[in-house]
Amino acid sequence: AVLKELVELVPEIRKEPGHQELFLHALLERERLHTTAIGDGIALPHARNAMGGLLKRSILVFGRHSGGVSFGAVDNKPVQVLFLIASPNLTDHLAMLSRLSRVLRDTKLRSALLVMTKPQEILRSMEEAELGTAKPA
């Protein structure tokens, strides 16, 4: 259900009949192979292959679940923060995964993502964490 909600937020595939179902199916297939939950309450759901047939540009959708959802994480913690990743090509896809994996190591950022309410705040905090310029809490 959480993945379906995230997929419904992607404007490019909302316009095309059947694309949401194809994208959701690709995400679910990836989860069947191995969870995209990376621990510490975070998941990076993504399809196994690039979404070149569905997307013209890379997308990143942020989602948060206050109670947390079971996602099969190695640390058995429920997932509260999700970043849905999709790209039309493998290079961008891997670059997005890599950058997110690095920036989400920042414990202050992970905590902040649970309470921030404005997209601009989230983006600014992620950029600051990536540049190593995060302001002390």
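Here goes a summary of the coordinates provided. (Residues numbered from 1 in each chain as written. Predicted model: local features only at pLDDT ≥ 70, side-chain atom pairs only at ≥ 80, totals over all residues. Heavy atoms only, no water.)

**Considerations on the side chain of His93**
As for its placement among the helices and strands, His93 is situated in helix α4 (residues 90-103). Owing to a relative accessible area of 4%, His93 belongs among the buried residues under this scheme. (Helix = DSSP H or I, 4+ residues; strand = E, 2+ residues; numbered from the N terminus. Buried < 20%, exposed > 50% of the residue type's maximum accessible area, 1.4 Å probe, protein only.)

**So, the layout of surface pockets**
By volume, the largest pocket amounts to about 460 Å³. Considering the residues around the largest pocket, the lining is formed by 19 residues, among which Ile59, Leu60, Met96, Leu123 and Met126 are closest to the centre. Every element with two or more residues in the lining of the largest pocket is listed here: α2 (11-14), β3 (59-69), α4 and α6 (119-131). In terms of residue count, α4 provides more of the lining of the largest pocket than any other element does, 6 residues in total. Split by residue class, the lining of the largest pocket holds 12 nonpolar, 1 polar and 6 charged. (1 Å grid on protein atoms, 1.4 Å probe; cavity = no way out; pocket = protein on both sides within 12 Å on 5 of 7 lines; lining within 4 Å. Points joined across faces, edges and corners; volume = space filled by probe spheres on them. Nonpolar A, V, L, I, M, F, W, Y, C, P; charged D, E, K, R; others polar.)

**What to know about the packing of α4 against α6**
It is the contact of α4 with α6, at a shortest axis distance of 9 Å, that shows an interaxial angle of 85°. The angle between α4 and α6 places the two elements in the roughly perpendicular class. Residue-level contacts link Arg99, Leu100 and Val103 of α4 to Met126, Ala129 and Glu130 of α6. Class assignment for the residues of the contact of α4 with α6 results in 4 nonpolar, no polar and 2 charged. (Axes fitted to C-alpha atoms, helices over the stretch in contact; angles between N-to-C directions. Parallel < 35°, antiparallel > 145°, perpendicular 65-115°, else oblique. Contact = heavy atoms within 4.5 Å.)

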